[in-house]
Amino acid sequence: MAQPFDHVPVAMESLNPDSTGRDVLFIHGAWHGAWCWEALAASTAKAGWRAHLLDLPGHGSQAWPLPAMTTTAHYAAYATRAVASLKNPVIIGHSMGGWIVQKLLEAVDLPAVLLAPLPGSGLPISRLAKMGLQYPAALFKPMIGMAVATSTPKMARQLFWPGMPEERLPDYLQALVPEPAMVILSMGLGLCRANPPLGRSPRLLVAAEHDYFMPPAAMSKLANKLGADYIYLPGKPHNFWLDDKNGETFNIVLNFLENLPTP
């Protein structure tokens, strides 16, 4: 069956494409774009891997308004085309991008790193209730077909970067794009499901202590379900790799890549 974005060329930036290292595909989360991976992907490419940064439709520097009926499954179908263009890649996804990784793993057994991933069944109910109380508009708007943005400093700080320096915040706010109504409902209510089987390829799930969306208990449970190794980062927020002065996330990713069996 044709998908809404089948006519849209895959927007993917490649770093170190001539390397003999393995392909690594980075898939961003809701509201974000490939820009959020720039530092981590650059370090990965510098270490000898072919790093590819995917912009989901309507995201990144070429953002455009998406239809209200767009779902996370449509994003996953688009990402499938990116995977198909690469040779046996390692896939890395954050948040909603982690849900997309799980959806991809339903069809193909690839090595995967999931950073604070949205569970395949949707947002944990405790976090959905918390968001409903603190940000009721974020739940009401999609009910009437409206897109949801994270356009205020207070919301962006609480959801993504609690310690973000004041001078950096405007640039990040400008880069975030609204998500269509059905994407929000798909994530929050689990309207689209991802349930990959256990595979032979290694999997790693990384969780953060102060993650507003994905509580560590839910992440540990998901790691067990996926057959993934589990790493817990104390004191870190949802976007823990964005302010990673010590390179902790890069070292985790690099260790995973370097210990992969030969494909």
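In case you missed it, the structure is sitting above this.
Residues numbered from 1 in each chain as written. Predicted model: local features only at pLDDT ≥ 70, side-chain atom pairs only at ≥ 80, totals over all residues. Heavy atoms only, no water.

Remarks on the overall build of the protein
Thought 1: Tallying secondary structure elements over the protein gives ten helices and seven strands in all.
Thought 2: In summary, the protein has a C-alpha radius of gyration of 17 Å against a globular reference of 18 Å for 263 residues, a match within 12%.
Thought 3: For the protein, the spread of C-alpha atoms along the three principal axes comes to 50 × 45 × 35 Å.
Thought 4: Put simply, the protein has 263 residues, and 56% of those count as buried.
Thought 5: Taking contacts inside the protein between residues at least 6 apart in sequence as the whole, the part at least 24 apart equals 73%.
Thought 6: If you sum the accessible surface of the protein, you get close to 11,700 Å²; carbon and sulfur atoms cover 57% of it.
Thought 7: Within the protein, one finds 19 positive and 19 negative side-chain charges whose respective centroids are separated by 7 Å. (Helix = DSSP H or I, 4+ residues; strand = E, 2+ residues; numbered from the N terminus. Rg over C-alpha atoms; globule rule 2.2 N^0.38 Å. Buried < 20%, exposed > 50% of the residue type's maximum accessible area, 1.4 Å probe, protein only. Contact = heavy atoms within 4.5 Å. Areas by Shrake-Rupley, 256 points an atom, 1.4 Å probe, with all protein chains shown as cover. Lys, Arg positive; Asp, Glu negative; His and termini not counted. Charge placed at Lys NZ, Arg CZ, Asp CG, Glu CD.)

As for the pairing of strand S5 (residues 112-115)
Thought 1: Burial along S5 is two-sided: the face carrying Ala 112 and Leu 114 and the face carrying Val 113 and Leu 115 are both buried.
Thought 2: Where strand S4 (residues 90-94) and S5 come together, four bridges link them in parallel fashion. Counterpart to His 94 in the pairing with S5 is Leu 115.
Thought 3: With helix H3 (residues 96-105) bridging S4 and the parallel S5, this β-α-β connection has right-handed handedness.
Thought 4: Two elements, S5 and strand S6 (residues 203-208), share four bridges in a ladder whose sense is parallel. (Pairing = 2+ DSSP bridges. Right-handed = clockwise from strand over helix to strand, strands pointing away.)

Notes on unusual backbone geometry
Thought 1: Even without being a glycine, Trp 31 presents a positive backbone phi close to 75°.
Thought 2: Mapping Trp 31 onto the fold places it in the loop between strand S2 (23-27) and helix H1 (38-46).
Thought 3: Judged by its relative accessible area of 5%, Trp 31 is buried.
Thought 4: Even without a glycine there, the phi angle at Asn 88 is positive, about 50°.
Thought 5: On the secondary structure map, Asn 88 appears in the loop between helix H2 (72-84) and S4.

A few points about the packing of aromatic side chains
Thought 1: The tally for this structure, following the rule as stated, stands at eight aromatic pairs.
Thought 2: The interplanar angle of 25° and the centroid separation of 6.4 Å between the aromatic rings of Trp 31 and Phe 213 together place this pair among those described as stacked. One end of the pair, Trp 31, is in the loop between S2 and H1; the other, Phe 213, is in the loop between S6 and helix H9 (216-226), with 182 residues separating them in the sequence.
Thought 3: Look at Tyr 212 and Phe 213: their rings are 5.7 Å apart centre to centre, the planes differ by 90°, and that puts the pair in the edge-to-face class. Here Tyr 212 matches Phe 213 in class, with each residue buried.
Thought 4: What links up through ring pairs into an aromatic cluster is the set Phe 26, Trp 37, Phe 240 and Trp 241. (Phe/Tyr/Trp six-rings, centres within 6.5 Å; stacked < 30°, edge-to-face > 60°.)

What about the side chain of Asp 211?
Thought 1: When you line up the elements, Asp 211 lands in the loop between S6 and H9.
Thought 2: Salt bridges are absent for the buried Asp 211, whose nearest opposite-charge side chain, Arg 127, sits at 6.2 Å.
Thought 3: At 2.8 Å, the side chain of Asp 211 forms a polar contact with the side chain of His 238. (Salt bridge = Lys/Arg side-chain N within 4 Å of Asp/Glu carboxyl O. Polar contact = N/O pair within 3.5 Å; in protein donor to acceptor, adjacent residues only side chain to side chain.)

Examining the sheet that holds S6
Strands in a sheet are paired, the pairing made by backbone hydrogen bonds, and the direction either parallel or antiparallel.
Thought 1: The sheet built from seven strands is open, its strands ordered S1-S3-S2-S4-S5-S6-S7 with mixed pairing. If you trace the sheet from one side to the other, it starts and ends with strand S1 (11-15) and strand S7 (229-233), each paired once. In this sheet, adjacent strand axes meet at a mean angle of 15° when their direction is disregarded.
Thought 2: Note: S1 against strand S3 (residues 50-55), five bridges, orientation antiparallel. Following the sheet pairing, Leu 15 is matched in S3 by Ala 51.
Thought 3: Its contacts with the sheet place H9 against S5, S6 and S7, and it is angled at close to 175° to S6. (Axes fitted to C-alpha atoms, helices over the stretch in contact; angles between N-to-C directions.)

In short, shape yes, function no, at least from these values alone.
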